[in-house]
Amino acid sequence: MLGGQQETPDRSGAAGVPLAFAETMSEEAGPAIELRQRKKPRSSENEESAKEEKIDDTAVPERTPKYVLLQRFAKVFIGCLAAVTSGMMYALYLSAYHERKFWFSNRQELEREITFQGDSAIYYSYYKDMLKAPSFERGVYELTHNNKTVSLKTINAMQQMSLYPELIASVLYQATGSNEIIEPVYFYIGIVFGLHGIYVTALFVTSWLMSGTWLAGMLTVAWFIINRVDTTRIEYSIPLRENWALPYFACQVAALTGYLKSNLNTYGERFCYLLMSASTYTFMMMWEYSHYLLFLQAVSLFLLDSFSLEQSDKVHEVYKTYIFSLFLGYLLQFENSALLVSPLLSLVVALVLVKCLQLNVKKGTFVAKIMKVINFYLVCTLTVTLNIIMKTFVPHKENGHMLKFLEVKFGLNMTNGKSLKETVTLEDGRIGERPEIIYHVIHTILLGSLAMVIEGLKYLWTPYMCMLAASGVCSPELWTTLFKWLRLRTVHPVLLALILSMAVPTIIGLSLWKEFFPRLMTELTELQEFYDPDTVELMTWIKRQAPVAAVFAGSPQLMGVIKLCTGWMVTNLPLYNDDDLLERNENIYQIYSKRSAEDIYKILTSYKANYLIVEDAICNEVGTMRGCRVKDLLDIANGHVVCEEGGKLTYPKYGRFCHEVKINYSPYVNYFTRVYWNRSYFVYKINTVISFQS
């Protein structure tokens, strides 16, 4: 018994020493090891009793794992139900608001089609053409070899206008048998409204993943709807390419958020990666400018990788997704050269090359920091070099105006990177251990910078700002980090963070409900009316009086409506990604400049135009800002303005054409004959035989 009492302290003492120290002690005292090994059989009873104690300890909380699983299932189920419900309610809200705004169901087909303005009318007109085609193959051929839209020009509408949404919508309409249930226009706009419901659901899920609570998703949806003027362009025009594409980008961001999480299992990673790959490719196919937005995302991931947040392998898997999507998009978009010269491809290729050349250096050392600076420099240099090389050897015209515009804008408005540096200091708390949150902070800052440079792109930034703010308010980790910075000691920071992460969003939600919910209900109850009888009369006259082979000339926006409502050929379209169409628009707009009748006649006949339509709203436009009206811009281009530097006035030889042609005197009546007019439009037939009158 005494020997047993002497051995017990030795055993407990050996167990209390650190592992490394115990190993060194065992190496120095060889006989002690043999002694302990001989004593092991004698302690079998103690080991059996210890095992029994462990079994007893684990047998008590048998219901705890089941309770935790049930609690998690209930949380996930309620969150998923709230996300799906939010998306469905938003889609129904858009449908009801559109009905109240245009009184859509009580209008004739011609009046419904007039609600599609500008380039939206062109997109919907091709959807109608696909439905009228005798077969799918014939419809696709007519889109890719279209010579019935623009005079003297055969265009590949599929490539030039990214008509994949209309192609898919027409196939779904006919394949599902919806032609016997619903009208084509309702099916078309219903798909867009449904996609925006998915858009809201994706934002909900992303905010939920970032904060850990579905309350953040509810708050994101509330802020998204309240700020819908800045979050979406669907109220402005339904068939815009970005309205079709951005829901897929939101799904891609949600999948990327889940993929970047550190505690995700293998099946979850695989699902997120597949969803991210599919949505990235679909987003690229739906919108011709999608690769610019993906370029900003790639820059965000590059900065995330530079901050050494242990996600380098995952980030490079995302780069592979970009390359695959660009390659596949290049093939299926009829060898779209804009994708080859895009900054996205140059950046991703540069990142992959630098990754291959990267040396294995121990992290945290001075050499590792120097290598990161060198890698950063190499990536930037290779990106610019590769982009210049691609532009030199690859013939390209598409999106050139957009790229030049962005380059000029960013050259004049460079961000200093201070905000990026400040966001990385969140590593003081647990937020710094969340790479998906750091990615969203960087991405939101870049989108915000883009919105500051180009105000019209605010709808790209505002949804993610709503999502980031909601997830921050509802995240206990952010509150904990804040309290650690403040060094709060009166109350336990974790307990206070949990309370505030529930209380603050609840208070905000109740205040938003009280203030904005009555306004939304008022919008749905008010009956608005889209009343444009002059345009209806013009379209009716064209369909009844104009020859089928007639070609019309006028403003690009009006030409889009004429193409949709009548099907007649036009001289120009409201599209700005083609040099020839841009030149046509500039030339046709000369009807509102101070040019001679002979000059206008030569321009119109060069495009085989038979009829000219003058819009009184453009000709007599009264703008608040001088120099921003269409006729002012034309005067500036033609040199018919006062120069600010020298103060010299260049007097034009002729009056403004759109005014002079209405007076019906020579030489205008020699070239043009008025055949129809109302309060808004004046239609002139372009004379083929010119008779000069005094």
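Here, the structure is the one placed above.
For the structure given in this document, a descriptive report is provided here. (Residues numbered from 1 in each chain as written. Predicted model: local features only at pLDDT ≥ 70, side-chain atom pairs only at ≥ 80, totals over all residues. Heavy atoms only, no water.)

Digging into the overall build of the protein chain
How we decide: Each helix corresponds to a stretch of at least 4 residues labelled H or I by DSSP, and each strand to a stretch of at least 2 residues labelled E; elements are numbered beginning at the N terminus. The cut-offs for exposure are 20% and 50% of the maximum accessible area for each residue type, with area from a 1.4 Å probe on protein chains only; residues under the lower value are buried, those over the upper are exposed, and the others partly exposed. The contact rule is simple, with two residues in contact once any of their heavy atoms fall within 4.5 Å.
Counting its secondary structure elements, the protein chain contains 34 helices and 5 strands. Taken across its 694 residues, the protein chain has 46% of its residues classed as buried. Counting contacts in the protein chain only where the partners sit at least 6 residues apart, residues at least 24 apart contribute 71% of the total.

Overview of the environment of Tyr 164
Relative to the helices and strands, Tyr 164 is located in helix 10 (residues 164–175). Here the alpha-carbon distance between Tyr 164 and Arg 241, two residues 77 residues apart in the chain, equals 9.8 Å. Apart from the residues within four sequence positions on either side, Tyr 164 is in contact with Met 158, Met 285, Leu 332, Gln 333 and Phe 334.

Comments concerning the state of the cysteines
Linking two cysteines covalently through their sulfur atoms gives a disulfide. For clarity, the threshold we go by: Two cysteine sulfurs form what is called a disulfide whenever their separation falls within 2.5 Å.
For the structure on display, the rule yields 1 disulfide. The disulfide bridge from Cys 619 ends at Cys 658, spanning 2.1 Å between sulfur atoms. Since a negative S-S torsion denotes a left-handed disulfide, the Cys 619-Cys 658 link at about 80° is right-handed. Here Cys 619 is found in helix 31 (residues 616–619), whereas its partner Cys 658 is found in helix 33 (residues 657–660), with 39 residues between them in sequence.

Considerations on the nonpolar core
Applicable threshold: What makes a nonpolar core is a set of buried Ala, Val, Leu, Ile, Met, Phe, Trp, Tyr and Cys residues whose side-chain atoms join them at distances within 4.5 Å.
With 130 residues, the main nonpolar core has Met 161, Leu 301, Phe 552, Ile 562 and Ile 613 as its most contacted residues. With 14 residues, helix 11 (residues 184–211) is the single largest residue contributor to this core. What Phe 552 contacts, discounting residues up to four positions off in sequence, is Ile 542, Ala 546, Met 559, Ile 562, Trp 568, Met 569, Val 570, Thr 571, Tyr 611 and Ile 613.

What to know about empty space enclosed by the protein
The condition that has to hold: Space inside and on the surface of the protein is sampled on a 1 Å grid over the protein atoms alone, with a cavity defined as a set of points where a 1.4 Å probe fits but cannot get out and a pocket as an open set with protein on both sides within 12 Å along at least 5 of 7 lines; lining residues have an atom within 4 Å of a point. Grid points are joined across faces, edges and corners, and a volume is the space filled by probe spheres set on the points. Only Asp, Glu, Lys and Arg are considered charged, only Ala, Val, Leu, Ile, Met, Phe, Trp, Tyr, Cys and Pro nonpolar, and every remaining residue, Gly among them, polar.
In this structure the tally under the stated criterion is 1 cavity of 30 Å³ or more. One number sums up the size of the largest cavity: a volume of about 70 Å³. Forming the walls of the largest cavity are Met 158, Gln 159, Ser 162, Tyr 164, Met 284, Trp 287, Glu 288, Gln 333, Asn 336 and Leu 339. Taken together, the residues that form the lining of the largest cavity break down as 5 nonpolar, 4 polar and 1 charged.

A short note on unusual backbone geometry
A cis geometry characterises the amide bond from Ser 666 onward to Pro 667, with omega recorded as 10°. Turning to its location among the elements, Pro 667 is positioned in the loop between helix 33 and helix 34 (668–671). Unusually for a residue other than glycine, Phe 334 sits at a positive phi of about 60°. With respect to the helices and strands, Phe 334 occurs in the loop between helix 17 (312–332) and helix 18 (337–340). With relative accessibility at 35%, the residue Phe 334 sits in the partly exposed group. Despite not being glycine, Asn 664 shows a phi value in the positive range, around 60°. Along the chain, Asn 664 falls in the loop between helix 33 and helix 34.

Thoughts on the packing of aromatic side chains
The condition is simple: Ring geometry is summarised as follows: Phe, Tyr and Trp rings, the Trp one being its six-membered ring, pair when their centres sit within 6.5 Å, and such pairs are stacked at plane angles under 30 degrees, edge-to-face over 60 and tilted between the two. Sitting over a ring, as applied to charges here, requires NZ of Lys or CZ of Arg to be within 6 Å of the ring centre and within 35 degrees of the ring normal.
Summed over the entire model, instances satisfying the criterion amount to 31 aromatic pairs. These aromatic residues form a ring-pair network of at least three members: Phe 249, Phe 283, Trp 287, Tyr 289, Tyr 292 and Tyr 464. Geometry around Tyr 97 places Arg 228 over its ring, the cationic atom sitting 5.5 Å from the centre. The ring of Tyr 123 is capped by Arg 241, whose NZ or CZ atom sits 3.7 Å from the centre of that ring.

A few points about the side chain of Thr 383
Here Thr 383 is to be found in helix 20 (residues 366–393). Apart from residues no more than four positions distant in its own chain, Thr 383 is found in contact with Pro 343, Ser 346, Leu 347 and Ala 350.

Thoughts on the packing of helix 15 (residues 266–286) against helix 17
What counts here: Axis definition: a line fit to C-alpha positions, over the contact stretch in the case of helices; interaxial angles, taken between N-to-C directions, run 0 to 180 degrees. Crossings are sorted by hand: turned counterclockwise from the far helix by less than a right angle, the near helix makes the crossing left-handed, and turned clockwise it makes it right-handed.
In contact at an axis separation of 9 Å, helix 15 and helix 17 are set at 35° when each is read in the N-to-C sense. The chirality of how helix 15 crosses helix 17 is right-handed. Side by side, helix 15 and helix 17 meet where Glu 269, Tyr 273, Met 276, Ser 277, Thr 280, Tyr 281, Met 284 and Met 285 of the first sit next to Lys 314, Glu 317, Val 318, Lys 320, Thr 321, Tyr 322, Ser 325, Leu 326, Leu 328, Gly 329 and Leu 332 of the second. Broken down by class, the residue content of the contact of helix 15 with helix 17 amounts to 10 nonpolar, 5 polar and 4 charged.

Things to note about the pairing of strand 4 (residues 672–677)
Our working definition: DSSP bridges decide pairing: two strands pair if at least two such bridges lie between them.
Sheet topology note: the strand 4/strand 5 (residues 681–686) ladder contains 5 bridges and is antiparallel. Within strand 5, the position partnered with Thr 673 by the bridge is Lys 685. Joining the antiparallel neighbours strand 4 and strand 5 is a turn of 3 residues.

Here we look at the packing of helix 11 against helix 12 (residues 214–226)
Operational definition: Throughout, the term roughly parallel applies to angles under 35 degrees, roughly antiparallel to angles over 145, roughly perpendicular to angles from 65 to 115, and oblique to all others.
Packing of helix 11 against helix 12 brings their axes to within 7 Å, and their N-to-C directions diverge by 140°. When the axes of helix 11 and helix 12 are compared, the pair comes out oblique. Relative to helix 12, helix 11 is oriented so that their crossing is right-handed. Note on element contacts: helix 12 touches helix 11 through Trp 214, Ala 216, Gly 217, Met 218, Thr 220, Val 221 and Phe 224, opposite Tyr 199, Val 200, Leu 203, Phe 204, Ser 207, Trp 208 and Ser 211. Residue composition of the contact of helix 11 with helix 12, grouped by class: 10 nonpolar, 4 polar and no charged.

Some details on the pattern of salt bridges
Formally: A carboxyl oxygen of Asp or Glu within 4 Å of a side-chain nitrogen of Lys or Arg is what we treat as a salt bridge.
For the coordinates displayed, the defined rule picks out 22 salt bridges. A salt bridge links Glu 142 to Arg 138; its shortest N-O distance comes to 3.3 Å. Of this pair, Glu 142 and Arg 138 both sit in helix 8 (residues 136–144), 4 residues apart, which is roughly one turn of that helix. In this structure, Asp 635 and Arg 656 form a salt bridge, with 2.8 Å as the shortest nitrogen-oxygen distance. In this pair, Asp 635 sits in helix 32 (residues 630–638) while Arg 656 sits in the loop between helix 32 and helix 33, placing the two residues 21 residues apart along the sequence.

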